[in-house]
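Spelled out from the first residue to the last, the chains are:
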Amino acid sequence: MKEGKGYEWLMSIVQVNIVEISFGASENYATGGIAVDGLIKSEMGIQEIKAVSVLDHTVSGWIPFFNVSTGRIQFFGQEPTNASSGVIALSEMGNGSTVINNKKVKLLVFGV
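What counts as what
- Residues numbered from 1 in each chain as written.
- Predicted model: local features only at pLDDT ≥ 70, side-chain atom pairs only at ≥ 80, totals over all residues.
- Heavy atoms only, no water.
- Helix = DSSP H or I, 4+ residues; strand = E, 2+ residues; numbered from the N terminus.
- Buried < 20%, exposed > 50% of the residue type's maximum accessible area, 1.4 Å probe, protein only.
- Contact = heavy atoms within 4.5 Å.
- Salt bridge = Lys/Arg side-chain N within 4 Å of Asp/Glu carboxyl O.
- Patch = residues over 30% accessible without salt bridge, like charges linked within 9 Å, V, L, I, M, F, W, Y side chains within 5 Å.
- Areas by Shrake-Rupley, 256 points an atom, 1.4 Å probe, with all protein chains shown as cover.
- Core = buried A, V, L, I, M, F, W, Y, C linked by side-chain atoms within 4.5 Å.
- Phe/Tyr/Trp six-rings, centres within 6.5 Å; stacked < 30°, edge-to-face > 60°.

## What to know about the overall build of the protein chain
Step number 1: Summing up its helical and strand segments, the protein chain has one helix and eight strands in all.
Step number 2: When burial is assessed residue by residue, the protein chain has 31% of its 112 residues classed as buried.
Step number 3: Taking all contacts inside the protein chain whose residues are at least 6 apart in sequence as the whole, residues at least 24 apart take part in 65%.

## Side note on the pattern of salt bridges
A pair can form between side chains of opposite charge whenever their charged atoms are brought close.
Step number 1: Per the stated rule, a full pass over the model turns up two salt bridges.
Step number 2: With its nearest N and O atoms 3.7 Å apart, the salt bridge here joins E20 to K104. A residue pair is termed long-range when its members are at least 10 positions apart, and E20 in strand β2 (residues 14-22) and K104 in strand β8 (residues 104-111) qualify at 84 residues.
Step number 3: On the basis of relative accessible area, E20 is assigned to the buried category, the value being 13%.
Step number 4: Here K104 falls in the partly exposed class, since its relative accessible area comes to 39%.
Step number 5: With its nearest N and O atoms 3.2 Å apart, the salt bridge here joins E48 to K50.
Step number 6: Judged by its relative accessible area of 38%, E48 falls in the partly exposed class.

## Details of a nonpolar patch on the surface
Step number 1: A cluster of nonpolar residues, I13, V14 and F110, forms a patch on the protein surface that exposes about 250 Å² of accessible area.
Step number 2: Tracing the backbone through its elements, the reader meets F110 in strand β8.

## Observations regarding the nonpolar core
Step number 1: By size, the foremost hydrophobic cluster in this structure holds 20 residues, and its most contacted members are I21, F23, I40, I73, F75, I100 and L107.
Step number 2: Contributions of two or more residues to this core are made by β2, α1 (37-44), β6 (72-82) and β8.
Step number 3: In terms of residues, this core owes the most to one element, β8, which gives three residues.
Step number 4: Excluding its chain neighbours within four sequence positions, the residues that come into contact with I100 are F23, E27, N28, Y29, I34, V59, F75 and M93.

## Concerning the environment of T31
Step number 1: Within the fold, T31 resides in the loop between β2 and β3 (34-35).
Step number 2: Sequence separation of T31 and G94 is 63 residues, and the distance between their C-alpha atoms is 6.5 Å.

## Concerning the environment of I100
Step number 1: Its location among the elements puts I100 in the loop between β7 (87-92) and β8.
Step number 2: Its relative accessible area of 0% is what places I100 among the buried residues.
Step number 3: Taking C-alpha positions, I100 is 9.1 Å from S22, a pair spaced 78 residues apart along the chain.

## Here we look at the packing of aromatic side chains
Step number 1: Under the definition given, this model contains three aromatic pairs.
Step number 2: Relative to F75, the ring of F23 has its centre 6.1 Å away and its plane inclined at 65 degrees; by these criteria the two rings are edge-to-face. Of this pair, F23 sits in the loop between β2 and β3 while F75 sits in strand β6, and the two are 52 residues apart along the sequence. By the burial criterion, F23 is buried, and F75 matches it.
Step number 3: On the numbers, 5.9 Å between centres and 75 degrees between planes, the contact of Y29 with F75 is edge-to-face. Of the two residues, Y29 sits in the loop between β2 and β3 while F75 sits in strand β6, which places them 46 residues apart along the sequence. The residues Y29 and F75 share a single accessibility class, namely buried.
Step number 4: Aromatic ring contacts, followed pair by pair, group F23, Y29 and F75 into a single cluster.

Everything listed is a geometric property; what it means functionally is a separate question.
Written out as structure tokens, the structure reads:
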């Protein structure tokens, strides 16, 4: 799992795991996010990811978000939408960004 770790508790049929995703030294961001659902399902031995919460990360200036419907980790950050008004909006990290190189995201995963 991209050099990850998992700790498992079995609660009825729902499995809960803390999963750490490590991005490689040359792994760049792709628009729409990085697919990690297959790795998580394999590591946990589950069929479906039901919910995910981000516990911790080392990607400064960006907010990680696990999109359950696509199985991808996406990153969003603040950028001014208008220099004169200072309006702020969350924008997705740019395609090809190297900001995630050698970074980690720790997730709390619920699956069945």
